[in-house]
Amino acid sequence: MLRSALIAASRSPGCRSLVERTPVLRPIVDRFVAGRGIDDAMRVARTIAADRLVSLDHLGEDTLDRAQAERTVEAYRTALRRLGEVGLAPRVEVSVKLSALGQALPADGEKIALENTRRICAAAAEAGTTVTVDMEDHTTTDSTLTLVRELRADFPATGTVLQAYLKRTAGDCADFAVPGSRIRLCKGAYDEPASVAYRTKSEVDASYVRCLKILMNGDGYPMVATHDTRLIDVATMLAEQTGRGRDDYEFQMLYGVRPQVQTQLARRGLRMRVYVPYGTEWYPYFMRRLGERPANVAFFLQALTRR
Ligand code: FDA
C-alpha cells in the first residue's frame, strides 16, 4: 500500500513541489541520483567503471512537449560524445525512456520516439557503445517492444527491459530469447492492476525465476537486474547449468542500492553493471526508489519532520 501511495505521489505536482523545495532531503536524493548535470554523471561513471560496468540514464519521462524530447536527444548525444572522447564508451552504455523521447505525444508520438531513439542509437554506435530501452507502465509495453524490434533491425545490440510482475512476460522472454538480443529482466517498478500483473512478492519472485530460466536457456544475453540476493544465487546457478560463461550474461543494480553486493559480485569476476541516473528531472525516479524499501521512507519522513 505504501509503495502504491508513493508511486501515486510520484505523479502529484503538489508532492513534487514539496520534495523539490526541501533542502534537507537532498542527501537522500543524492544517494540514488548521481547529480544534476553531465559533469556529475561523467565523474560518477568514471569511478564506477574502474571495477563495474555502467548504464547512464538522463532522467526524464512522460513528456508531452516535442521540444523537451529534442532536448533529451541532445543530452544523450552530448553524453555519448563525451563517453567516446574519454574512452569510457565500451564500459558505459546509456538507458533511455521512450516517454521522454516523445512516445506519448498526441500526434505521431511513436514515430517521433522511434526517430529520436534511432538518433541516440546512432550516436552510441559511433561512440562504440549500446542503448537499452527502459520499460515503463504496462500501457506502453506493446508499443515499446514494437519500437525496439524496429530499432534492432538497424542497431541489433539495442537492449530492452522485461518486467517479471507482468503476467505476459514469460511469453515475451520466449520471443526475445534469440541470438543478439539483450534483455534486462527486472521485477517492475510501477503500480499495475491485478488484471495484468502479479501483486504479491512471492508471485513476482516465482515469475522472475520462470522468466530467468527462459532467458538463460535461450540464445540472447540476459541482464539480471535485481538486488535480491536469493535471485542472484538462482541466476548464477542457472548460468552454470546452462553452460553460460561469465561474459554471456550480466548482473545489474541501481546506483546507491546495495553497493557492497555490487563490488562483491565484480570481485568474483562476474559482470556487474550499475544503472546511474542523473539530471534535473529526478523526482518520479526518486519516489519509485523510496517505495521499494520501507526503511527509505522512514529516512525520508525523519528528514521531513526535522526541517
Ligand atoms: P526487491 O524489491 O525485492 O528488493 C530486494 C532487496 O534489495 C530489498 O530487500 C532491499 O534490501 C534492496 N532494495 C531494493 N530496492 C531498494 C531501494 N530502492 N533502496 C534500498 N534497498 C533496496 N523497473 C521498471 O519497471 N522498468 C525498468 O526499465 C527498470 N530498470 C531497472 C534497471 C536496473 C539496473 C535495476 C536494478 C532495476 C530496474 N527497475 C526497472 C526497477 C525494478 O523493477 C525494481 O523495482 C527494483 O529493482 C527493486 O526490485 P528488486 O529486484 O531489487 O527486488
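About the thresholds
Residues numbered from 1 in each chain as written. Predicted model: local features only at pLDDT ≥ 70, side-chain atom pairs only at ≥ 80, totals over all residues. UniProt positions renumbered as here; feature names shortened; annotations may be inferred. Helix = DSSP H or I, 4+ residues; strand = E, 2+ residues; numbered from the N terminus. Buried ≥ 20, exposed ≤ 12 C-beta atoms within 10 Å, placed from the backbone. Contact = placed C-beta atoms within 7 Å. Pairing = 2+ DSSP bridges. Axes fitted to C-alpha atoms, helices over the stretch in contact; angles between N-to-C directions. Near = placed C-beta within 6 Å. Nonpolar A, V, L, I, M, F, W, Y, C, P; charged D, E, K, R; others polar. Parallel < 35°, antiparallel > 145°, perpendicular 65-115°, else oblique. Left-handed = near helix turned anticlockwise from the far one by under 90°. Right-handed = clockwise from strand over helix to strand, strands pointing away.

Quick look at the UniProt feature "domain: Proline dehydrogenase" (unreviewed entry) in the chain
Here is step 1 of the chain: The UniProt entry lists residues 52–299 under the feature "domain: Proline dehydrogenase" (unreviewed entry), expressed in the numbering used here.
Here is step 2 of the chain: Segment residues 52–299 splits into 46% helix and 17% strand. End C-alpha atoms: 28 Å apart.

Overview of the environment of Gln 260
Here is step 1 of the chain: Mapped onto the fold, Gln 260 is located in helix 11 (residues 259–267).
Here is step 2 of the chain: For Gln 260, a count of 7 C-beta atoms within 10 Å gives the class exposed.
Here is step 3 of the chain: As for Gln 260 and Thr 47, which are separated by 213 residues in sequence, their C-alpha atoms are 15 Å apart.

A closer look at the UniProt feature "binding site: FAD" (unreviewed entry) in the chain
Here is step 1 of the chain: Those residues carrying the UniProt feature "binding site: FAD" (unreviewed entry) are Met 135, Gln 163, Lys 187, Gly 188, Ala 189, Lys 201, Thr 226 and His 227 in this numbering.
Here is step 2 of the chain: Position of Lys 187 among the secondary structure elements: in the loop between strand 5 (182–186) and helix 9 (201–217).
Here is step 3 of the chain: Looking at Lys 187, the number of C-beta atoms within 10 Å reads 19, which means it is partly exposed.
Here is step 4 of the chain: Those residues in contact with Lys 187 that sit more than four places away from it in its chain are Gln 163, Ala 164, Tyr 165, Val 204, Tyr 208 and Thr 226.
Here is step 5 of the chain: Mapped onto the fold, His 227 is located in the loop between strand 6 (221–225) and helix 10 (229–241).
Here is step 6 of the chain: Using a count of 17 C-beta atoms within 10 Å as the deciding quantity, one classes His 227 as partly exposed.
Here is step 7 of the chain: Leaving out residues up to four positions away in the same chain, His 227 has contacts with Met 253, Val 257, Arg 258 and Val 261.

Quick look at the sheet that holds strand 3 (residues 131–133)
Hydrogen bonds between backbone atoms are what pair the strands of a sheet, whose relative direction is either parallel or antiparallel.
Here is step 1 of the chain: In space, the eight strands of this closed barrel follow the order 1-2-3-4-5-6-7-8, with parallel pairing throughout. Strand-to-strand twist of the sheet, defined as the mean angle between neighbouring strand axes without regard to direction, takes the value 30°.
Here is step 2 of the chain: Where strand 4 (residues 159–163) meets strand 5, five bridges bridge the pair, whose relative direction is parallel. Paired with Gly 159 across the bridge in strand 5 is Arg 182.

Topic: the site of the ligand
Here is step 1 of the chain: If you check the shell around the ligand, you find 24 residues, and the closest are Asp 134, Cys 186, Thr 226, His 227 and Glu 292.
Here is step 2 of the chain: Elements that contribute at least two residues to the shell around the ligand include exactly strand 4, strand 5 and strand 7 (250–254).
Here is step 3 of the chain: Among the elements that line the shell around the ligand, the one with the most residues is strand 7, at three residues.
Here is step 4 of the chain: In terms of residue class, the shell around the ligand is made up of ten nonpolar, six polar and eight charged.

With respect to the packing of helix 9 against helix 10
Here is step 1 of the chain: For the pair helix 9 and helix 10, interaxial distance at closest approach is 10 Å and the crossing angle is 25°. Between helix 9 and helix 10, the angle is such that the two are roughly parallel. Handedness of the crossing formed by helix 9 with helix 10: right-handed. Between helix 9 and helix 10, the contacting residues are Asp 205, Tyr 208, Val 209, Leu 212, Lys 213 and Met 216 on the first element and Leu 231, Val 234, Ala 235, Leu 238 and Ala 239 on the second.
Here is step 2 of the chain: By residue class, the composition of the contact of helix 9 with helix 10 is nine nonpolar, no polar and two charged.

Regarding helix 12 (residues 283–291)
Given 3.6 residues per turn, any residue in an α-helix points the same way as the ones three and four places further on.
Here is step 1 of the chain: Counting buried residues along helix 12, seven of its nine residues qualify, which places the element largely inside the surrounding structure.
Here is step 2 of the chain: Inspection of helix 12 places Tyr 283, Tyr 285, Phe 286, Met 287, Arg 289, Leu 290 and Gly 291 among the buried residues, and these make up the whole buried set.

So, the pairing of strand 5
Here is step 1 of the chain: Strand 5 sits mainly inside the fold: five of its five residues count as buried.
Here is step 2 of the chain: In strand 5, alternate side chains face the same way, and those of Arg 182, Arg 184 and Cys 186 on one face and Ile 183 and Leu 185 on the other are all buried.
Here is step 3 of the chain: Handedness of the crossover joining strand 4 and strand 5 through helix 8 (residues 169–176): right-handed.
Here is step 4 of the chain: Direction of pairing for strand 5 relative to strand 6: parallel, over a ladder of four bridges. Each bridged residue has a counterpart across the sheet, and for Ile 183 the counterpart in strand 6 is Pro 222.
Here is step 5 of the chain: In this region the chain leaves strand 5, passes through helix 9 and returns to the parallel neighbour strand 6; the handedness of that crossover is right-handed.

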